Amino acid sequence: MRSSTRRQHPKTAAGGVTRALLTFGAASALVVGGLPLIASAAAAHPSDDTKPDLVENLAGFSELWKSSGVNDLHGEVLNADALKHNDEMTSWINQNASADQQFRALQNAQYDNDGKSYDQSVSIADGLGKRLGAIYVQGRQHGELPLTSALINSENGTTGAYVGTGAAKTHFSYPRPFLSVDPAAQSVAGDDAECSPALVNGSSLTGIRTKGIGPIDENGNLKITRVPVTTDTTHQFSDNDVVLNPGYGQKGICTGGAFPSGHTTTAYQAGLTLATLLPELAPEMLARTSEAGNNRIVLGVHYPLDIMGGRMNGEAALASRWADDDFRTKVLEPARAELVAYLEKGCGAALDTCIKNDTAYSNTPYAGKQIPGGTAQQVTDRTSAVAVYKERMTYGFAKVGKSGQAASVPAKAESLLRTTFPDLTDDQRRAVLAQTEIESGYPLDTTATTKDGDADASWQRLNLAAAMSAKVQVNLDQTVSVLSTGTTAEVVKEAPVVTPPDDNGNTGDTGDENTAPANDSKDQQPAEQEQNTATNQAAGESGKLARTGEEFAPLWIGAALLALGATTLVLRRRVSGHQR
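Residues numbered from 1 in each chain as written. Predicted model: local features only at pLDDT ≥ 70, side-chain atom pairs only at ≥ 80, totals over all residues. Heavy atoms only, no water.

Draft legend 1. Main features of helix H15 (residues 426–436). H15 sits mainly inside the fold: nine of its 11 residues count as buried. Those residues of H15 that fall on the buried side of the exposure criterion are Gln 428, Arg 429, Arg 430, Ala 431, Val 432, Leu 433, Ala 434, Gln 435 and Thr 436. (Buried < 20%, exposed > 50% of the residue type's maximum accessible area, 1.4 Å probe, protein only. Helix = DSSP H or I, 4+ residues; strand = E, 2+ residues; numbered from the N terminus.)

Below, the structure written as structure tokens:
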């Protein structure tokens, strides 16, 4: 739930652009500088009526907790070890986040409900880099990116607010971390009356919260420090001073279920929109989005499982939008054209040059301290951005399900790689996702209950930061192999094998199907071999192109002729030598 109730407002913060103008569709549009500016009327798109079922996608949570079924934040703990770890990570992150990180968390909690503030689609801007992020913020706040704003804003954006978490929160109904476990405890001064422990509490968790042990205080409550209300006077994201309230004592927060995180869902809808509109910066933007989700734990209003669920929601939402050809061509692609043109104009150079000369996103959330069982989650470059994103996919949880299962790529997920790998086929993009997935068995993984290709297959396993930073080889048999991740996304083609001719002028086989693949696993550890075996079984023929190896034939023939010519020249020279 959000920190305050949405209200309709007529204008954006500084530009005075009405919200009505920011609602656009597929109808005729004004054109300025070759770009559609404002559509004259909203139009329906197929994906408007085919939103993903978040409860089905998040069904793995029901293996850990069983709700009472009446949305009262009570229920039964089914996996004590997993939910204890959930508590431990929540308390540690809340207790060890730096003051700067707490402020960033408050910024990421903000929604622009009155048109004078900012929302998550703006406050994650530094994922684009220092300079490009500032240009983007200027465009958003001053009404200079109307297509992008209508698409991505967190209040009513066509991707930024595409799915909501109300039904899922009601279904799972898990109590917030900061709630008292004692119904008789005193209310916190200043909290809404609806937040009284007598009405909302975590008493169902007393069995996993032993008083005075580890992250549990002497009263049996999880150790959570409330971050105080403050005012953002930096004007980083708004021309106005903005009050930042984490909302602990607000009815919408305290009575709403923790799982899944609504803020994180919104953050990933915005972050994945930017990552797919600007694939050149996707790994950094995804890492920044994972920070926004993690910031909900920093504030102590959510657990890691809530954040993992929010990520999965965002993935399913954006996949649905990108798989809709009508929405893609009439909404997403025009927004990308607008955004790229605006960034290049503000930077004064081509986008690649702007990125090269910019200061990339970085973050040190815990002042260098290492999270238990993990790292300090410091982002300093692309490689570390991808690593931190992966770490936050599981938050150090032990596996609760079966390991070594084949890849499980949900239907439509391949559409998320359309802009990263525009020249690959959908089947090849699916193969890239399969090869970069994390292993099966972690909490919220639904591999065991779904089939690869199901709409509700395992969104939990998709490692988009790795997939969007992959070096992919198109093999001679038109399958694809992921050679590496964590650098610049690119596609290379496997070179044909040309052998010297024998004494009869015959060359060896070219592009033998039995040639070892580029990602040979002979030097890998057993666990990696197990995962790759499962991945290859799932990928099957999915990496094949419609084309054949005939496109390489001229190269093979030319190479063979050159080799034959060289042999003939040598023989002639030998004959001439004998004659002398």
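Draft legend 2. How the structure looks around the state of the cysteines. Throughout the structure, instances matching the rule amount to two disulfides. Residue Cys 195 pairs covalently with Cys 254 via a disulfide, S to S 2.0 Å. With the S-S bond torsion at -85°, the cross-link from Cys 195 to Cys 254 turns out left-handed. Of the two residues, Cys 195 is situated in the loop between helix H7 (166–172) and strand S5 (230–232) and Cys 254 in helix H8 (residues 251–254); the sequence distance between them amounts to 59 residues. Here Cys 347 engages in a disulfide with Cys 354; their sulfurs sit 2.1 Å apart. Measuring the twist about the S-S bond at about -115°, one finds the Cys 347-Cys 354 disulfide to be left-handed. When the bonded cysteines of the protein chain are counted from the start of the sequence, the pairing works out to 1-2, 3-4. (Disulfide = S-S within 2.5 Å.)

Draft legend 3. Structural context of the packing of aromatic side chains. Enumeration over the complete set of coordinates arrives at nine aromatic pairs. Ring geometry for Tyr 118 versus Phe 237: centroids 5.2 Å apart, planes at 65°, classification edge-to-face. Separated by 119 residues along the polypeptide, Tyr 118 in the loop between helix H3 (99–108) and helix H4 (120–123) and Phe 237 in the loop between S5 and strand S6 (242–244) bring together distant segments of the chain. With relative accessibility at 5%, the residue Phe 237 sits in the buried group. Ring centres of Phe 178 and Tyr 248 lie 5.4 Å apart, and the angle between their planes is 85°; this geometry places the pair in the edge-to-face category. (Phe/Tyr/Trp six-rings, centres within 6.5 Å; stacked < 30°, edge-to-face > 60°.)

Draft legend 4. Just the confidence of the model for the protein chain, in detail. Looking at the protein chain, the pLDDT average stands at 85 and 80% of residues meet or exceed 70. Low pLDDT (under 50) marks residues 1–41, which in the prediction has 108 contacts with non-local residues, meaning those over four places away or in another chain. Predicted confidence is poor over residues 510–580, with pLDDT under 50, and the contacts of this stretch with residues over four places away or in other chains come to 71 contacts. (pLDDT = per-residue confidence, 0-100. Contact = heavy atoms within 4.5 Å.)

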